[in-house]
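Take a look at the letters that make up each chain.
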Amino acid sequence: MELLSRATAFAPELVEIRRDIHAHPELSFRETRTAALVAERLKTLGYDVKAGIGVTGCIGELATGTGRTVALRADMDALPIQEANQEAAYRSKNDGVMHACGHDAHVTCLLGAARLLAESAEAGELGDGRIRLIFQPSEETTDEDNVGGAARMIEDGAMDGVDAVIGLHVASESPVGQVLFREGPLMAGNDTLRGTVRGTNAHAALPHEGRDAILLAGHVVLAAQAIVARTVDPLQPAVVTFGTIEGGTAENILAGEVRLEGTLRYFDFDVRERLHEELRRAFAVADAMGGEGRIEIRHGNPPVINDVKLNALVRAAAESTVDAADVGTAEQIMGAEDFAFLAREAPGCFFWLGAGIEGDPRSHHHPRFDIDERCLPRGAAVLAAAAQKVLAEW
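Note that the structure is a prediction, hence the values are computed from the model and not measured. (Residues numbered from 1 in each chain as written. Predicted model: local features only at pLDDT ≥ 70, side-chain atom pairs only at ≥ 80, totals over all residues. Heavy atoms only, no water.)

Comments concerning the overall build of the protein
A count of helices and strands for the protein gives 11 helices and 14 strands. Over its C-alpha trace the protein gives a radius of gyration of 23 Å, about what one expects of a compact globule, namely 21 Å for 394 residues. Viewed in the frame of its principal axes, the protein has a C-alpha envelope of about 85 × 45 × 40 Å. Classification of the 394 residues of the protein by burial places 54% in the buried group. (Helix = DSSP H or I, 4+ residues; strand = E, 2+ residues; numbered from the N terminus. Rg over C-alpha atoms; globule rule 2.2 N^0.38 Å. Buried < 20%, exposed > 50% of the residue type's maximum accessible area, 1.4 Å probe, protein only.)

Next comes the structure, spelled out in structure tokens:
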């Protein structure tokens with residue numbers, strides 16, 4: 001547990017870093033201040049730094065030989081949410097923008113790991129190989145070409161030559177101190193749905209003269225919600241959700257058009273294809289009723305699938321770093337994460353770091369989101385221990 005002791009010794013610095021980033025949140029592909037802060041600290045620690053990777057991403061590399069290359073990743077972007085934590089001195093200074101998912105903590109943990117690893121390298125204890133630190137933009141969304149931060153960084157070579165990649169995510173509803181792992185599928189893949197149902201306008205008093213797009217859309221939604229229950233193997237997890245439905249112009253006019261947006265979630269790619277096929281059939285219900293239904297499905301993140309061997313190594317590193325009783329098994333969830341793209345380039349391990357505030361856990365993507373900052377040195381120490389173990393044993 002030496003790494004944890006060392007990280008705990010500079011925990012006040014980690015808290016200061018996290019609060020600085022939290023107070024200055026930046027949206028996806030706009031993380032210039034955060035990336036500059038990261039680059040400055042990495043250079044001070046002796047890392048070879050490359051900025052502007054994946055638009056606003058940053059990479060730091062530390063080489064102690066020509067052995068394996070292990071990458072550690074943290075995402076940097078915030079969300080378009082107005083923070084409601086008015087009592088916090090470190091609350092967001094940027095109106096309408098907030099670190100409501102813990103990416104400020106992820107950056108801080110990785111900077112803490114960077115310090116621990118640099119100290120180990122200076123003491124000749126790191127082992128033969130390379131440490132690559134990936135500070136990634138835009139995990140929360142994609143650009144105008146539907147490409148997110150992980151994919152953009154891959155395009156710019158962030159994963160070239162990487163033998164293993166490791167990342168963490170704070171879990172604001174898990175007790176602080178827990179570190180949770182799961183081999184194989186951990187988080188779902190997701191695609192985005194954008195549909196249109198068209199009918200014909202008419203006066204509400206004369207409905208027979210038109211085709212009510214709201215009624216047509218209702219049948220489409222009902223058909224879509226039957227997909228998982230009646231066309232997907234009940235032993236295979238799947239979700240179809242519409243999050244927005246908009247249409248109509250006045251209370252006394254039949255709507256001529258309804259727009260729908262939603263998401264689908266899956267673990268198995270055959271299930272994904274089934275969902276796509278059945279959603280197209282659901283929108284065709286509008287055509288069968290005399291209207292017109294169209295759907296566009298945009299590919300999102302693939303599932304996060306942890307490599308079995310790497311997961312075991314990183315878990316063992318955690319068990320040697322924190323109290324083994326605090327290391328547990330994570331449940332599968334239907335949330336998505338673009339770490340999945342990195343884990344397709346090299347064996348990956350993604351784990352949860354408990355960060356819940358006792359008695360008042362704050363939900364992710366909520367205006368009152370916050371964490372127990374005692375998680376920061378633990379996250380830093382586990383990341384550093386994992387990197388060292390992978391260099392030695394992978």
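Side note on the nonpolar core
Counting 71 residues, the largest nonpolar core has Leu42, Phe135 and Ile166 as the members making the most contacts within it. In terms of residue count, helix 11 (residues 375-393) provides more of this core than any other element does, 12 residues in total. The contacts of Leu42, once residues within four sequence positions are left out, are Tyr47, Val49, Cys58, Gly60, Leu111, Ala114, Leu133 and Phe135. In terms of nonpolar packing, the next biggest core, distinct from the first, is built from 25 residues, Val220, Ala224, Phe242 and Leu279 among them. (Core = buried A, V, L, I, M, F, W, Y, C linked by side-chain atoms within 4.5 Å. Contact = heavy atoms within 4.5 Å.)

Structural notes on the packing of aromatic side chains
A complete count under the given rule lists 5 aromatic pairs for this structure. The rings of Phe339, Phe350 and Trp352 are connected pair by pair, giving a single aromatic cluster. The cationic tip of Lys309 hangs over the ring face of Trp394; the distance from NZ or CZ to the ring centre is 4.8 Å. (Phe/Tyr/Trp six-rings, centres within 6.5 Å; stacked < 30°, edge-to-face > 60°. Lys NZ or Arg CZ within 6 Å of the ring centre and 35° of its normal.)

Here we look at helix 1 (residues 2-9)
Burial in helix 1 covers these residues: Leu3, Leu4, Arg6 and Ala7. End-on view of helix 1: buried residues confined to an arc of 160°, all on one side of the axis. Turned more than 90 degrees from where helix 1 packs its buried face, Ser5 and Ala9 sit exposed. Elements that come into contact with the buried residues of helix 1 comprise helix 2 (11-23), helix 4 (103-122) and helix 11. (Arc of directions from axis to C-beta.)

Describing the packing of helix 2 against helix 4
Interhelical geometry of helix 2 versus helix 4 gives an angle of 145° and a closest axis separation of 9 Å. In this structure, helix 2 crosses over helix 4, and the sense of that crossing is right-handed. Judged by residue contacts, Glu13, Leu14, Ile17, Arg18, Ile21 and His22 of helix 2 engage Asp104, Ala105, Val107, Thr108, Leu111, Gly112 and Arg115 from helix 4. Grouping the constituent residues of the contact of helix 2 with helix 4 by class yields 6 nonpolar, 3 polar and 4 charged. (Axes fitted to C-alpha atoms, helices over the stretch in contact; angles between N-to-C directions. Left-handed = near helix turned anticlockwise from the far one by under 90°. Nonpolar A, V, L, I, M, F, W, Y, C, P; charged D, E, K, R; others polar.)

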